[in-house]
Structure formats: structure tokens, C-alpha cells
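Here is what each chain is made of, one letter per residue.
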Amino acid sequence: MTSARTSPEQRAPGHPATRRIARRSWWLRQRFLLARRAVQLGLLGLFLLGPVAGIWWAKGNLAASTWFGVIPLSDPFIVVQSLLAVGHVTVTALLGALLIGAFYWLVGGRAFCSWVCPVNIITDAAHWCRERLRLPPGWRPQRNLRHYLLAMCLVSAALTGTLTWELVNPVTLVQRALVFGVGLGWAVILAVFLFDLLVSRRGWCGHLCPVGAFYGLVGRTSPLRVAADRREACTDCGDCFAVCPEPHVITPALRGSGSRLVLAGDCTNCGRCLDVCDDDVFRFTERYAYAARERDRLPSG
Amino acid sequence: MSARRRTEFSAERRRFLTQGAQAAGSVSLVGFLLGAYGEPAASTPVAALRPPGALAEDAFLGACVRCGLCVRDCPYDTLRLARFGEPLATGTPYFVARDIPCEMCEDIPCVKACPTPALDKSLTDIRAADMGVAVVTGTDTCFSITGVAHCVGCYEACPIKDDAITMEMKQEHGKVFFVPTVHREHCTGCGKCEADCLYPEAAIKVLPRALVRHDIGQDLA
Ligand code: SF4
Ligand code: SF4
Ligand code: SF4
Ligand code: SF4
Ligand code: SF4
């Protein structure tokens, strides 16, 4: 039983080893996915409430916004690029960036990806289709290619004095298209979808997107983390690896002998592993208290 | 055809189709990126004007985060964000005077709403705004200049008429003409005149300052 592991990371969901009688209801197996879609669409709805219904709780878009007429929010990555481009920013933009930065540090950096970013819906849809069509993984660039792209965005802003990345950034482009009018924005949506479907498995969000890379860095020390809390109960079915957008983050926590915490900033806190694991191995936890308990070798609970 | 050959064939075919699809996907992505990249590099089209207080175009493109807060707070729906595919840096705010001009709001809500340095907060008097300069381009079409009618559409539309625009009387061959005349040092480029010009294709148009370069004229004067 111990040495029979056949790299479940590569196993498709339909693999015989993964096909079992589900012990839990469909709803329980999708709870975080459904919650995420609700949050993603709900946020979009809040931004649309103004232009559509004249209720201006939220004004602006993901780059910068004003909430309830007073609270300024702004994307720290864009504000940093703007600072590099023109050498100064306003107090409002800085405050907004700090609020957003602090929030995502708290809830785990790339929670932005799985709970807010509209592109995530597109790339998840592409991945869903890809799995159904059993397409091969395609182009597999290094996971850290996105960090080079992130550096490139910053250098390019500093050198050109303009927000070059914002000219093509699908994250703000897609959201702006939905809130301020689509134009040819559908072409961007289609391009990202086709890229993830035909060129590279989880290609955009998992390997390239510098925005995700930025939030990944923000989340490296985040307190809210997933832990493979009951890893002894793991039956090696591989469901979590199959469903995780960044499967490499699970391995040390689940298979290692060290901490059970999923520590990598790449983890998007999407909660899909909690969704699909029929043996309830995973849970969300506060990282520092958990780590302290682990150090004291106390059984967690 | 043997069963083995058939599977080989279908595997081959499958690989071919997959590779073809991958190539198409790559090309479409690269095409999208290049197209998007090349498009905003081109200069802003003449008809597109930036909101009041906008920094010079280069600095503006570095400072503006494309949030649309200026758009949202403009009470006249003058401003809009450039959509992907329009010949302007995607997401940046602009207006087209002939469609909806700037009404020169006393309290300049667009500038107040802007969370970045893109719209200069030191602009507190809308009369100091400098979105462009109106120029009478239709010297051969303007009803007044050609003497077709004594039209004062542009003059009446101007929120700061008599300062920014006057109708200058001219006499030629015993005939009296009134010529709309813009005074560049006062004109804010709001585009009210262009919007209200009675000629089907506006005979007076707001051009970006950079194209008019009144500073050189002043040097010579
Ligand atoms: S990786 Fe980028 S595109 Fe994907 S969800 Fe995160 S921010 Fe959005
Ligand atoms: S001054 Fe008033 S009308 Fe003109 S762009 Fe600003 S908000 Fe709109
Ligand atoms: S409010 Fe300022 S930063 Fe936002 S789109 Fe308008 S000019 Fe740009
Ligand atoms: S001349 Fe035209 S553009 Fe200039 S201030 Fe008057 S109405 Fe506005
Ligand atoms: S409104 Fe047009 S046609 Fe009439 S005077 Fe002015 S420029 Fe000429």
C-alpha cells in the first residue's frame, strides 16, 4: 500500500483509481466553488449596480474604486507601476493600495485570484472543457515564469514612464469591459480562454499572469492558510491534486513529514481541496497559531 | 485496413489536430498581444480630448490607472473610457466634443473624483482648464463666414463667450460678415462650440493644444 503511489498529480478525474462512491453530497463537494462564484459575480454585480440601477455603492473598477462615496480602494500592483512610471502617487491611491494590500495579506494573497478576479471564471471554464476533452497538458512553462513577467511589468513601467502592462492586462481589461462597456473586450476573453484550452493547461493563471504572481508574493506570509490537517486519513485518491490549480503546493503539506500547512504563496485559497476530499483531510486555519500548535506537538483541533 | 493501422492512423490524426489547434491558439494569443500593444502606441486621435486638468499626454498615461471614477462623477456623461479596440490607450478617459462636450462645471467633479495625479488637483478654476483649443476649420463652410446666414451657434454655446470667442465684424465688397474668432488664451477646449455648430460637419473644432502650439505664435508676436 505504501509504494503503490502512481503520481496522482497526473491522474485525470476519470481514472479508475479516482472513481469511488462519493460519500458526500454534490453540494458539499462544491461548497467553496459555489461560494467563490457567488462572491465573484456578486462583486461584479455591485460594480454594475451603479450604471444599471443608479445605486452607487461601488464606483470605478478593480484598478481603483470608491465605496459608499468615501472608502478609496486601489490595486497595489497598478499603484506601484504608476509610482515607478511617474515618480509620485496621491495619498488617496496610496491609502487605497494599503487597504487592498492588507486585506489580501490577511485572507491569503491569491484569494484575489479565486474569489474576485473575473478571469478566473474564464480560465476555470477552459480547464473544465480541457478535462472533458482529455486534452494533453500542452505547453508547460516554468511556474516562476510569472515572476519574470512581473519584474518585466515593473521595469517596463519605469523605463517607458507609462503603464504598459495596463494596455494588455486581461484582469482589469475584462472587468472594465464588463462594467464600462465591452467594445472588442470579448476578444481578450476569447484569447485567454483559447490559450488555456488549447495551448497550455492552467497556462495563464498557473504560469504567466503577473497579477496573480504579485498577489502570490503578498500572500507568502498570510495568516489564513489551508492545512492538510488529517493527512493520516488520506487514501491517495488524488482528487485534490486533480482539482487544485497549483497542485505543487499540496505535496509538502500532504506528503511531507514537516508542517501540514500549505505555505506556498501560489495557493489561491480557493478551497477546492476541501470541497473534493471525501476523507476531510483539509481545513482552513490560522497559520501562526497552527504552526505553534504543531511545534508543541499537540494534536490540532 | 487492419485494426492496428486504424489506431495508428487515428493517433496520428489526433496528434495532428491537437498540434494544429495549439498552433492556432498560440497565434491568436500572440496576435492579440501584438495588436493590443501596437494600438495604443499610436498617438491619441485628434477628436479625442482628455478631461480637464489632465497632465500632458505622456505623464497622463503613466499616472492614470484607468479606473473611470472621473467618468462616473461627470454629471453630463461627457467622459468615457476607451474600450479595447478603440484607437486610444485602453481604459483611459476621453470625450468627443461633437458628441457630448464638457460643460465646464464650476466644481470640476471629474478632477475631484480622480484618485491619482492624472487629473491635476491644483486646477480649481475651470476657466484655467486646457483640454484643447477651438479652431475655425471650416472657413469655407461656416454660415457666417460665407455669408449664408448670420449664425451665432458657436458663440452662443460658449460658456465664456466674449472672452474665449467673439463674432468679429468684417466688411468686404460692401457686405458685412461676422467671423467667429477664438481667443486662445481664454479658450478651455470644452468643445461646446463644436457640439453646437449648425453646419453638418462642425466648422469649428477643438484641437489638442500640442497641435496648435500657440506658444510659438506668442513668441513671434
Ligand atoms: S492569476 Fe491573474 S488572471 Fe488568474 S485569477 Fe489570478 S489575477 Fe486573475
Ligand atoms: S468639467 Fe464637468 S462636464 Fe466637464 S468633464 Fe468635468 S465633470 Fe464632465
Ligand atoms: S479618475 Fe483619474 S485615474 Fe481614474 S480614469 Fe479618470 S483620469 Fe484616470
Ligand atoms: S471657444 Fe469653444 S472650446 Fe473654447 S471655451 Fe468657448 S465653447 Fe469652449
Ligand atoms: S456655429 Fe458653426 S456655422 Fe455657425 S458661426 Fe459658428 S462655426 Fe460658423
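Please read all numbers here as calculations on a predicted model, not as lab measurements.

## Some details on the site of ligand 1
Residue and element names in this part refer to chain A.
- Around ligand 1 sit Arg110, Phe112, Cys113, Cys117, Val119, Asn120, Val171, Trp204, Cys205, Cys209, Val211 and Gly212, and that is every residue in its neighbourhood.
- Of all the secondary-structure elements, those providing two or more residues to the shell around ligand 1 are helix 5 (111-115), helix 6 (119-133), helix 10 (203-208) and helix 11 (210-218).
- Class assignment of the residues belonging to the shell around ligand 1 gives a composition of nine nonpolar, two polar and one charged.

## Topic: the sheet that holds strand 3 (residues 71-74) of chain A
Residues and elements named next belong to chain A.
- Pairing within the open sheet is antiparallel, and its three strands lie in the order 1-2-3. Each having just a single partner strand, strand 1 (58-60) and strand 3 make up the two edges of the open sheet. Each strand of the sheet is rotated relative to its neighbour by a mean of 25°, with strand direction disregarded.
- Two strands pair when backbone bridges link them, and strand 1 and strand 2 (residues 64-67) are joined in this way by three bridges, in the antiparallel orientation. Counterpart to Gly60 in the pairing with strand 2 is Ser65.

## Describing the environment of Ala97(B)
- With respect to the secondary-structure elements, Ala97(B) resides in the loop between strand 3 (93-96) and helix 4 (109-113).
- Separated by 110 residues in sequence, Ala97(B) and Leu207(B) place their C-alpha atoms 10.0 Å apart.

## What about the domain arrangement of chain A?
Residues and elements named next belong to chain A.
- Parsing chain A into structural domains produces domain 1 (33-218) and domain 2 (223-301).
- On a C-alpha basis, the centres of domain 1 and domain 2 stand 26 Å from each other.
- On the domain 2 side, the residues contacting the 19 residues of domain 1 number 18 residues.
- Taking both sides of the interface into account, the surface hidden between domain 1 and domain 2 amounts to around 1300 Å²; carbon and sulfur atoms contribute 45%.
- Here domain 1 is connected to domain 2 by four salt bridges.
- Arg146 serves as the salt-bridge partner of Glu246, at 2.9 Å between the closest nitrogen and oxygen.
- Linking domain 1 with domain 2 are eleven residue pairs in polar contact (both at pLDDT 80 or more).
- At the level of secondary structure, the elements contributing two or more residues to the side of domain 1 that touches domain 2 comprise helix 2 (31-53), helix 4 (91-107), helix 5 and helix 10.
- When residues in the side of domain 1 that touches domain 2 are grouped by element, the largest group, four residues, is from helix 5.
- Across the side of domain 1 that touches domain 2, the residue classes break down as eight nonpolar, five polar and six charged.

## Quick notes on the site of ligand 3
- Near ligand 3 there are 14 residues, and of these Cys64(B), Cys67(B), Gly68(B), Cys70(B) and Cys114(B) occur at the shortest range.
- Looking at the shell around ligand 3, its residues break down into eleven nonpolar, two polar and one charged.

## Side note on the packing of helix 2 of chain A against helix 6 of chain A
Residue and element names in this part refer to chain A.
- Remark: helix 2 packs on helix 6, axes separated minimally by 10 Å, with the N-to-C direction vectors making an angle of 140°. In terms of axis orientation, helix 2 runs oblique to helix 6. Note on element contacts: helix 6 touches helix 2 through Asn120, Ile121 and Asp124, opposite Arg36, Arg37, Gln40 and Leu41.
- Here the residues of the contact of helix 2 with helix 6 are counted per class, giving two nonpolar, two polar and three charged.

## What about the interface of chain A and chain B?
- Taken together, the contact between chain A and chain B spans 44 residues of the former and 37 residues of the latter.
- Summing both partners gives a buried area of about 3200 Å² for chain A against chain B, and 68% of it is carried by carbon and sulfur.
- The tally of links from chain A across to chain B stands at one salt bridge.
- For Lys59(A), the salt bridge is made with Asp73(B), and the minimal N-O distance between the two is 2.6 Å.
- The tally of links from chain A across to chain B stands at ten residue pairs in polar contact (both at pLDDT 80 or more).
- The set of elements that each furnish at least two residues to the side of chain A that touches chain B consists of strand 1, strand 2, helix 3 (76-86), helix 4, helix 8 (170-180) and helix 9 (185-199) of chain A.
- Broken down by element, the residue count for the side of chain A that touches chain B peaks at seven residues, all from helix 9 of chain A.
- For the side of chain A that touches chain B, the per-class residue count stands at 25 nonpolar, 15 polar and four charged.

Definitions and limits used
- Residues numbered from 1 in each chain as written.
- Chains lettered and ligands numbered in written order.
- Predicted model: local features only at pLDDT ≥ 70, side-chain atom pairs only at ≥ 80, totals over all residues.
- Heavy atoms only, no water.
- Near = heavy atom within 4 Å.
- Helix = DSSP H or I, 4+ residues; strand = E, 2+ residues; numbered from the N terminus.
- Nonpolar A, V, L, I, M, F, W, Y, C, P; charged D, E, K, R; others polar.
- Pairing = 2+ DSSP bridges.
- Axes fitted to C-alpha atoms, helices over the stretch in contact; angles between N-to-C directions.
- Domains from an automatic or database assignment.
- Contact = heavy atoms within 4.5 Å.
- Buried area = accessible area lost by both parts, 1.4 Å probe.
- Salt bridge = Lys/Arg side-chain N within 4 Å of Asp/Glu carboxyl O.
- Polar contact = N/O pair within 3.5 Å; in protein donor to acceptor, adjacent residues only side chain to side chain.
- Parallel < 35°, antiparallel > 145°, perpendicular 65-115°, else oblique.

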